[in-house]
Amino acid sequence: RLLPTLSELAESKQWRVRQSAVEIVPALLGCTQRPETRLEISRLCIRLMEDMVDAVRKTAAECLCMGGSTLGSHGDDAGFDWINSIVIPCIRQCAGHRSAKQRLLSLKMIASVLSDGSWQSRGKTYTVPDESRRSGAPVRELAAIAVSLTQDRIANVRLNVGRVLFEILHVFEDADLSFIKEVLTEQLNSEGERGGDSDVIFFARKCVRRAEGLLEERGHEKPTSLS
């Protein structure tokens, strides 16, 4: 019954009202049982992720990602399915969007989802569209989406790949850490060849070193020297 009211508030001329309309989404999802209702709620978030105000977009994206946690009360599968069927496709779409703001938003969503692993259901697998990484957990696909932006035409997007991944590297398994390290090393080489942005290089190098450190701690390799 709340959905029509929230949809109306989401059209308000006041951005704070639009933001408030979406802030209730995590709590609302925790009270739902029907997949159809959850889908309608997700559409509210996705619509406001295109809002002209940055704060509204970020809040909508965060609330969409938080749904996996609130649905955990309905069983592990509910939270997993929310991330798998609603959030990840949305992140993928944002990452391929023509607007740099949406591509940046996809990185923020990846960080939000991976910072909270309560939705993850052990033993499940997910088929990744990328032929080179066909099977693995959703975590693996999120890593693949993130590093796909290392060659973005906008420097601010490229630098945020390293900056965002640096904060969440600890959640990745060894194979994914090695994959991230490899792609960001390629980014460093690419930036160097074209006299790239110093901030992009800084965050990529920082992330590579952190990945090496984690792999070394786990007994897999020694750090290499980065120029």
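Structure shown above.
Presented here is a report on the structure given in the accompanying data block.

Take the overall build of the protein chain next. Tallying secondary structure elements over the protein chain gives eleven helices and two strands in all. Ordering the α and β elements of the protein chain from the N terminus gives α-α-α-α-α-α-α-β-β-α-α-α-α. Evaluated residue by residue, the protein chain yields a buried proportion of 48% over its 227 residues. In the protein chain, 62% of the contacts between residues at least 6 apart in sequence involve partners at least 24 apart. For the protein chain, the accessible area works out to roughly 11,600 Å², and carbon and sulfur atoms hold 49% of it.

At a minimum axis separation of 10 Å, helix H8 (residues 138-147) and helix H10 (residues 174-193) run at an interaxial angle of 5°. Here H8 lies roughly parallel to H10, going by the angle between them. Along the contact surface, H8 presents Arg140, Ala143, Ala144 and Val147, while H10 presents Ala175, Asp176, Phe179, Ile180 and Val183. Along the lines of polarity and charge, the residues of the contact of H8 with H10 split into seven nonpolar, no polar and two charged.

Relative to the assigned elements, lysine 58 resides in helix H5 (residues 54-70). Given the relative accessible area of 30%, lysine 58 is considered partly exposed. If we skip the residues at most four places from it in the chain, lysine 58 touches Leu105 and Lys108.

Scanning the model with the defined rule gives twelve salt bridges in all. In this structure, glutamate 191 and arginine 158 form a salt bridge, with 2.6 Å as the shortest nitrogen-oxygen distance. Of this pair, glutamate 191 sits in helix H10 while arginine 158 sits in helix H9 (residues 155-168), and the two are 33 residues apart along the sequence. Both residues of the pair, glutamate 191 and arginine 158, count as buried. With its nearest N and O atoms 3.7 Å apart, the salt bridge here joins glutamate 212 to lysine 181. Separated by 31 residues along the polypeptide, glutamate 212 in helix H11 (residues 198-217) and lysine 181 in helix H10 bring together distant segments of the chain. A single salt-bridge network, built from bridges that share partners, covers Asp54, Arg57 and Lys58.

The nonpolar side chains of soluble globular proteins are, as a tendency, buried together. Ranked by size, the top nonpolar core spans 64 residues in total, and within it Met49, Leu64, Val87, Met109, Leu165, Phe172 and Ile180 carry the most contacts. Counting residues per element, this core draws most heavily on helix H6 (residues 76-95), which supplies nine residues. Setting aside its immediate chain neighbours within four residues, isoleucine 180 contacts Ala143, Val147, Leu165, Leu169, Phe172 and Cys207.

What follows is about the environment of tryptophan 82. Relative to the assigned elements, tryptophan 82 resides in helix H6. Of the residues examined, tryptophan 82 reaches a relative accessible area of 4% and is grouped as buried. Separated by 47 residues in the primary sequence, tryptophan 82 and proline 35 have C-alpha atoms spaced 9.5 Å apart. Here the side chain of tryptophan 82 touches leucine 64 through a polar contact of 2.8 Å, landing on its backbone oxygen.

Basis of the calculations
- Residues numbered from 1 in each chain as written.
- Predicted model: local features only at pLDDT ≥ 70, side-chain atom pairs only at ≥ 80, totals over all residues.
- Heavy atoms only, no water.
- Helix = DSSP H or I, 4+ residues; strand = E, 2+ residues; numbered from the N terminus.
- Buried < 20%, exposed > 50% of the residue type's maximum accessible area, 1.4 Å probe, protein only.
- Contact = heavy atoms within 4.5 Å.
- Areas by Shrake-Rupley, 256 points an atom, 1.4 Å probe, with all protein chains shown as cover.
- Axes fitted to C-alpha atoms, helices over the stretch in contact; angles between N-to-C directions.
- Parallel < 35°, antiparallel > 145°, perpendicular 65-115°, else oblique.
- Nonpolar A, V, L, I, M, F, W, Y, C, P; charged D, E, K, R; others polar.
- Salt bridge = Lys/Arg side-chain N within 4 Å of Asp/Glu carboxyl O.
- Core = buried A, V, L, I, M, F, W, Y, C linked by side-chain atoms within 4.5 Å.
- Polar contact = N/O pair within 3.5 Å; in protein donor to acceptor, adjacent residues only side chain to side chain.

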